Amino acid sequence: MKKNKSSTFFLLMVPVLLWLVLLIVIPHLDMFFRSFRFENDEGLMVFSLNNYLSFFEDKIYWLTFVKTALYSIGVTILAFIVTFPVAFFLTKVVAKKYSSFMVLLLLIPIWIGELVTIYGWMILLSDNGVINNFLMQIGLIDSPIVMLYTNFSMTIGLLYMSMLFMIIPMMSALESLDDSLIEAASDLGASKWTIFRQIIIPYTTPGIASGGIIVFMLVIGDYVAPNILGGKSSLWFTEQIYNKFLATFNWNEGAAFGFLLLLLSSGIIWLALKLTGQKLEKVGS
Amino acid sequence: MDHVLEIKNVTKKFGDFTAVDSVSFSVEDGGFFSILGGSGCGKTTLLRMIAGFEIATEGELLIRGESMSGIPPEQRAVNIVFQNLALFPMMNVEKNVAFGLQRQKLPKPEVQKRVSEMLERVGLVGFEKKDVNDLSGGQRQRVAIARSLVLKPSILLLDEPLGALDRKLREHMKIELKVLQKEIGTTFIYITHDQSEALVMSDKVAVMNQGRFEQLDTPKNLYRHPATSFVAGFVGDNNELDITGYADGQLITANGGKLFRPGLDIKPSKLYMRPEAFVLNPSADLSNIEKIDMQIKALLFDGANSKISAVMKQSGDDVLISLPQNAESESLREGDELIVGIHHDDMKCYQE
């Protein structure tokens with residue numbers, strides 16, 4: 001295909017190139033150059049590293065940055081722990097005809113949209129919400145537990161909106177896992193735990209990794225869940241970028257922060273792939 | 001000799017469907033035992049019950065005299081080679097073979113020693129670090145067998161492991177398996193739908209049909225003396241003729257043909273004659289031979305398996321006859337008439 005430089009080839013290339021250049025390369029280059037522009041004392045735009053330096057000078061940016069990174073990693077791990085049993089059940093335990101219906105049910109929150117599901121969680125988690133009311137009615141607690149506008153509620157929101165993107169790649173990895181591998185391992189004397197650790201996990205690692213990348217990227221770049229469910233205390237890095245752009249109208253610094261987030265998330269994914277011995281080509285396929 | 005495996009009235013039902021129907025047999029220690037049957041006859045279910053992946057609905061299963069009820073697969077002294085081999089794709093050859101030994105928490109040097117001994121035995125020295133996906137079909141086969149045998153099981157179960165190989169390699173692996181079994185002396189229970197595999201390798205073969213054993217015998221007896229019409233039709237090639245009447249030693253075929261076969265004390269409904277049991281142009285001094293007039297319809301050349309497709313002149317019944325490849329048979333042509341003879345004992349009759 002690469003050697004075939006026919007007109008059809010170029011025709012097919014046009015949409016791809018348009019997309020890549022117009023929607024990805026040019027905007028990013030624009031942001032990149034913008035992030036180095038700084039208005040000096042005389043009101044002139046000059047090249048400068050000041051936009052990046054301001055990030056390192058203010059402690060609050062730093063802390064937000066680190067918190068965002070740690071929470072994103074945490075939510076990704078939680079998403080794996082929560083969804084793995086579900087994915088395993090849907091692919092290996094339940095009959096095929098029911099499982100496709102169940103997957104359809106799982107996807108409903110995506111159709112509804114993030115904002116609406118987040119408001120749904122507010123109804124559940126607020127001080128006089130469903131959960132607190134229920135706990136007080138059965139007499140387990142006397143006064144409501146504060147759940148909304150905390151890191152807890154933020155984590156739940158992030159997890160809920162992202163975990164489906166973990167299930168799908170994991171299910172396709174599990175589906176390709178031949179049941180006889182599990183039986184062979186058990187026949188050779190492996191306990192359930194050993195089968196899980198030595199057979200299922202290594203086999204599904206590419207699926208887990210690609211699901212993990214999607215979840216991590218969604219979470220680290222999310223704005224709605226931290227902003228609404230996390231309240232004032234959420235301190236999510238996207239909120240800092242949002243403030244730069246729309247509260248202080250400092251687009252140049254906002255661009256610099258955006259690039260820092262891109263570097264951070266790429267760096268963490270690279271490290272995670274290195275640590276688990278995965279290759280990006282394999283995970284992507 | 002001791003029985004390594006005893007099966008007593010084992011039945012397995014899936015809902016209304018009875019996969020294995022009250023089967024009883026025992027397997028002698030150190031033998032090569034095959035279960036031969038078509039797809040869906042229950043042979044795989046039977047094997048999976050021995051391995052412990054399925055629980056018998058009724059009946060008892062003993063390995064070395066111990067009841068296996070409630071004992072999970074990982075605790076049975078039985079290992080299985082799966083149809084698709086089920087090698088662990090994320091491990092190399094050595095790790096695949098070591099997997100079972102490591103589960104037994106053996107010291108590392110011991111594991112190392114037994115793995116390399118086993119790899120030597122199956123002829124895979126030098127392949128230790130190879131990825132299992134890079135091996136040929138025959139080598140993958142040997143890894144699967146080594147992985148099970150290294151645990152020194154009482155019984156090795158093999159679920160049609162040669163099915164996926166090409167014909168040449170399959171012929172080769174048949175002999176290799178047989179030799180390996182004789183060398184190490186482990187009892188093999190081999191499941192197959194391929195009668196040639198079963199006949200060549202086994203000491204005893206059970207022919208299975210619709211969840212039941214039709215006959216359990218030596219390969220030679222299965223071939224020479226089929227106990228039921230199913231076995232006669234299933235093992236080896238056979239000409240099957242429907243019989244509508246029998247009187248005074250005279251068989252009447254459905255097409256009205258008459259064949260002389262004295263000494264039957266049943267009311268036969270099926271007649272089986274093997275293509276290779278026929279003698280072309282039998283000499284007159286042979287006794288107990290039924291001579292049949294035939295006309296050649298077609299000559300089917302297939303090397304040593306060449307056959308004549310012929311019709312019985314008096315009734316038009318189709319019959320396949322083995323055609324020896326020699327100078328004499330060269331002269332035969334389509335449309336020729338010839339007389340073939342068959343010994344009365346080779347005319348197997350069954351009542352259904």
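See above for the structure.
In this report, we go over the structure that sits alongside the text. (Residues numbered from 1 in each chain as written. Chains lettered and ligands numbered in written order. Predicted model: local features only at pLDDT ≥ 70, side-chain atom pairs only at ≥ 80, totals over all residues. Heavy atoms only, no water.)

## Let's talk about the packing of helix α2 (residues 50-57) of chain A against helix α3 (residues 59-93) of chain A
Residues and elements named next belong to chain A. Following both chains from N to C, one finds α2 and α3 inclined at 80 degrees, their axes separated by 5 Å at the closest point. One element, α2, and the other, α3, form an angle in the roughly perpendicular class. Across from Ser-54, Phe-55, Phe-56 and Glu-57 in α2, the residues of α3 making contact are Lys-59, Tyr-61, Trp-62 and Phe-65. Broken down by class, the residue content of the contact of α2 with α3 amounts to five nonpolar, one polar and two charged. (Axes fitted to C-alpha atoms, helices over the stretch in contact; angles between N-to-C directions. Helix = DSSP H or I, 4+ residues; strand = E, 2+ residues; numbered from the N terminus. Parallel < 35°, antiparallel > 145°, perpendicular 65-115°, else oblique. Contact = heavy atoms within 4.5 Å. Nonpolar A, V, L, I, M, F, W, Y, C, P; charged D, E, K, R; others polar.)

## So, the sheet that holds strand β12 (residues 250-253) of chain B
Residue and element names in this part refer to chain B. The five strands are arranged β13-β12-β11-β14-β20 in an open sheet whose pairing can be described as antiparallel. Edge positions in the open sheet fall to β13 (258-260) and β20 (348-350), since each of these has one partner strand only. Across the sheet, the mean angle from the axis of one strand to that of its neighbour is 40 degrees, orientation sign disregarded. Summarising the sheet, β12 and β13 pair through three bridges and their orientation is antiparallel. Residue pairing for β13: Leu-251 is matched across the bridge by Leu-259. (Pairing = 2+ DSSP bridges.)

## Describing the interface of chain B and chain A
On the side of chain A, 16 residues touch chain B, which itself brings 21 residues to the contact. Looking at the side of chain B facing chain A, the largest losses of area belong to Glu-74, Met-90 and Arg-103 of chain B, adding up to 33% of the total buried there. Put simply, chain B and chain A have one salt bridge between them. Residues Arg-48 of chain B and Glu-183 of chain A are paired through a salt bridge, measuring 2.6 Å at the closest nitrogen-oxygen approach. Scanning the region where chain B abuts chain A turns up six residue pairs in polar contact (both at pLDDT 80 or more). Elements supplying a minimum of two residues to the side of chain B that touches chain A: β6 (78-81), α2 (93-103) and α4 (137-149) of chain B. Classifying every residue of the side of chain B that touches chain A gives 13 nonpolar, four polar and four charged. (Buried area = accessible area lost by both parts, 1.4 Å probe. Salt bridge = Lys/Arg side-chain N within 4 Å of Asp/Glu carboxyl O. Polar contact = N/O pair within 3.5 Å; in protein donor to acceptor, adjacent residues only side chain to side chain.)

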